[in-house]
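Okay, here's what each chain looks like letter by letter:
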Amino acid sequence: MNYTRMVIEKEAPEEYGYDRIRYNLSESSIADQKLSEIGLSLPDLTLFYGEHRGDKQLRALISAQDAGISPDDVLVTAGAAGALFIISTSLLSANDHLVVIRPNYATNIETPRAIGCAISFVDLAFEEGFAIDVERVKAALRPDTKLISVTCPHNPTGTMMSRTELDALVALAESSNCRLLVDETYRDLSYDRRLPTAASLSPRAISVSSLSKAFGIPGIRIGWLITRDAELQEKFLAAKEQIGICGSVIDEGIARGMLERRDVFLATLLPEMAKRRDIVQAWIDRDPLV
Ligand SMILES: Cc1ncc(COP(=O)(O)O)c(C=O)c1O
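Here's what I pulled together on the structure shown here.

About the cut-offs
Residues numbered from 1 in each chain as written. Predicted model: local features only at pLDDT ≥ 70, side-chain atom pairs only at ≥ 80, totals over all residues. Heavy atoms only, no water. 1 Å grid on protein atoms, 1.4 Å probe; cavity = no way out; pocket = protein on both sides within 12 Å on 5 of 7 lines; lining within 4 Å. Points joined across faces, edges and corners; volume = space filled by probe spheres on them. Nonpolar A, V, L, I, M, F, W, Y, C, P; charged D, E, K, R; others polar. Helix = DSSP H or I, 4+ residues; strand = E, 2+ residues; numbered from the N terminus. Polar contact = N/O pair within 3.5 Å; in protein donor to acceptor, adjacent residues only side chain to side chain. Near = heavy atom within 4 Å. Areas by Shrake-Rupley, 256 points an atom, 1.4 Å probe, with all protein chains shown as cover. Salt bridge = Lys/Arg side-chain N within 4 Å of Asp/Glu carboxyl O. Buried < 20%, exposed > 50% of the residue type's maximum accessible area, 1.4 Å probe, protein only. Phe/Tyr/Trp six-rings, centres within 6.5 Å; stacked < 30°, edge-to-face > 60°. Lys NZ or Arg CZ within 6 Å of the ring centre and 35° of its normal. Pairing = 2+ DSSP bridges. Axes fitted to C-alpha atoms, helices over the stretch in contact; angles between N-to-C directions. Contact = heavy atoms within 4.5 Å.

Right, let's talk about empty space enclosed by the protein for a bit. According to the stated counting rule, one finds three cavities of 30 Å³ or more in the structure shown. In this structure, the largest cavity is lined by Ile62, Gln65, Asp66, Glu184, Arg187, Asp188, Arg194, Thr197, Ser209, Trp224 and Ile226. The class makeup of the residues in the lining of the largest cavity is three nonpolar, three polar and five charged. Each pocket or cavity is described by its volume, and for the second largest cavity that value is around 70 Å³. In terms of lining residues, the second largest cavity is bounded by Cys152, Pro153, Met160, Leu166, Val182, Glu184, Arg187, Ser190, Leu195, Pro196 and Ala198. Counted by class, the lining of the second largest cavity contains eight nonpolar, one polar and two charged residues.

Pasting the structure below:
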């Protein structure tokens, strides 16, 4: 592995200094939450090694969000970032090829680069509404392609694939004997429609998400990956165990509390965000250069 620091992380607000930033106009998450704001306090937890896959109840809360997913399909990780690292390092070697639908989250490009694998990019264009042309993805595939990587809802544009496009990418991964990674970290911030978690559609698809963005609690470093391929999950678990054995029982305890409140939390958040979206849209409609 040939690591170099990513610009996005060097320039992150927490690295630059929260106290030096007056107005953060580029934040992609909701405001960071305090324990008291979400009605949580720290329970008197036993600080043992937690279950390696992640707390059972937490995995049950995550899997309950989607039909066809069981708690054993879920691996709790140190944020979505931890999940993405586990996936890249488990699936890719210097002899493999990866297709990245770009823009994509930096880790989905830089970890494969650190591994040294070959990467083909399928660039999304403003003029095309950042729509994914599945035929271009297909044309980028090679016999040594191990993974197709995409982010949806998309960071930084906020656009989403249609169900038809998602199905077409899943079908492509199945027919090409490779895997589809869908980074779904912003999924709970979808306004009108939520796509099914990709992993529920095929054992060839892997989903990643976390509590960082829609729930505003990135400091607990809780994310997860989902795969219905039990053999692959065993490999991902081996990677997690070699990195850190298990997650933090304190982080997992808070995550459990947050997900128990999930529906109520999102029910107040999403209408407020839709209101703000409409205000911004009204500005844009008035002056397209805004
Ligand atoms: C698309 C995407 N994936 C993953 C992450 C990492 O999030 P986490 O805090 O869950 O590690 C981010 C953070 O900005 C992101 O934007």
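Our next topic: the side chain of Arg59. Mapped onto the fold, Arg59 is located in helix H3 (residues 56-63). A polar side-chain atom of Arg59 sits 2.8 Å from the main-chain carbonyl oxygen of Gly54. Side-chain polar atoms of Arg59 contact the side chain of Asp72, separated by 3.4 Å.

Another point: the site of the ligand. In the neighbourhood of the ligand, 13 residues make up the surrounding shell, with Asn155, Asp183, Ser210, Ser212 and Lys213 lying closest. One of the side-chain N or O atoms of Tyr186 is found 3.1 Å from an oxygen atom in the ligand. Ser212 places a side-chain nitrogen or oxygen 2.7 Å from an oxygen atom of the ligand. Out of a free accessible area of 400 Å², the ligand has 92% covered by protein chains. Ranked by residues supplied to the shell around the ligand, first place goes to helix H4 (residues 79-91) with three residues.

Let us now look at the layout of surface pockets. Its volume calculated, the second largest pocket comes out at about 210 Å³. Where the lining of the second largest pocket is concerned, the elements lending two or more residues are strand S1 (74-78), H4, helix H8 (230-244) and helix H9 (249-260). Of the residues that constitute the lining of the second largest pocket, the class distribution is eight nonpolar, five polar and four charged.

Here the focus is the pattern of salt bridges. All chains considered together, the criterion is met by 16 salt bridges. Among the ionic pairs, Arg59 bridges to Glu51, the shortest N-O distance being 2.7 Å. Overall, the relative accessible area of 31% leaves Glu51 in the partly exposed class. With a shortest N-O distance of 2.9 Å, Asp229 and Arg179 are connected by a salt bridge. Of this pair, Asp229 sits in the loop between strand S7 (222-226) and H8 while Arg179 is found in strand S5 (residues 179-183), placing the two residues 50 residues apart along the sequence. Taking relative accessible area as the criterion, Asp229 reaches 18% and is therefore assigned buried. On the basis of relative accessible area, Arg179 is assigned to the buried category, the value being 14%.

On to the packing of aromatic side chains. Under the counting rule described, the total for this entry stands at two aromatic pairs. Relative to Phe265, the ring of Phe215 has its centre 5.6 Å away and its plane inclined at 25°; by these criteria the two rings are stacked. Here Phe215, found in the loop between strand S6 (205-210) and S7, pairs with Phe265, found in helix H10 (residues 262-286); they are 50 residues apart in sequence, far enough to count as distant. Both residues of the pair, Phe215 and Phe265, count as buried. The ring centre of Tyr16 lies 3.9 Å from the NZ or CZ of Arg20, which sits over that ring.

Another aspect to go through is the sheet that holds S6. The seven strands are arranged S1-S7-S6-S5-S4-S2-S3 in an open sheet whose pairing can be described as mixed. Either end of the sheet is taken by a strand with one partner, and the two such strands are S1 and strand S3 (118-123). In this sheet, neighbouring strand axes are inclined to one another by 20° on average, regardless of whether the strands run parallel or antiparallel. Note that strand S2 (residues 97-102) and S3 share six bridges and pair parallel. Opposite Arg102, over in S3, you have Asp123 as the bridge partner. Where H4 meets the sheet, it contacts S1, strand S4 (145-151), S5, S6 and S7, and its direction lies at approximately 155° from that of S6.

Read these as geometric descriptors, not functional statements.
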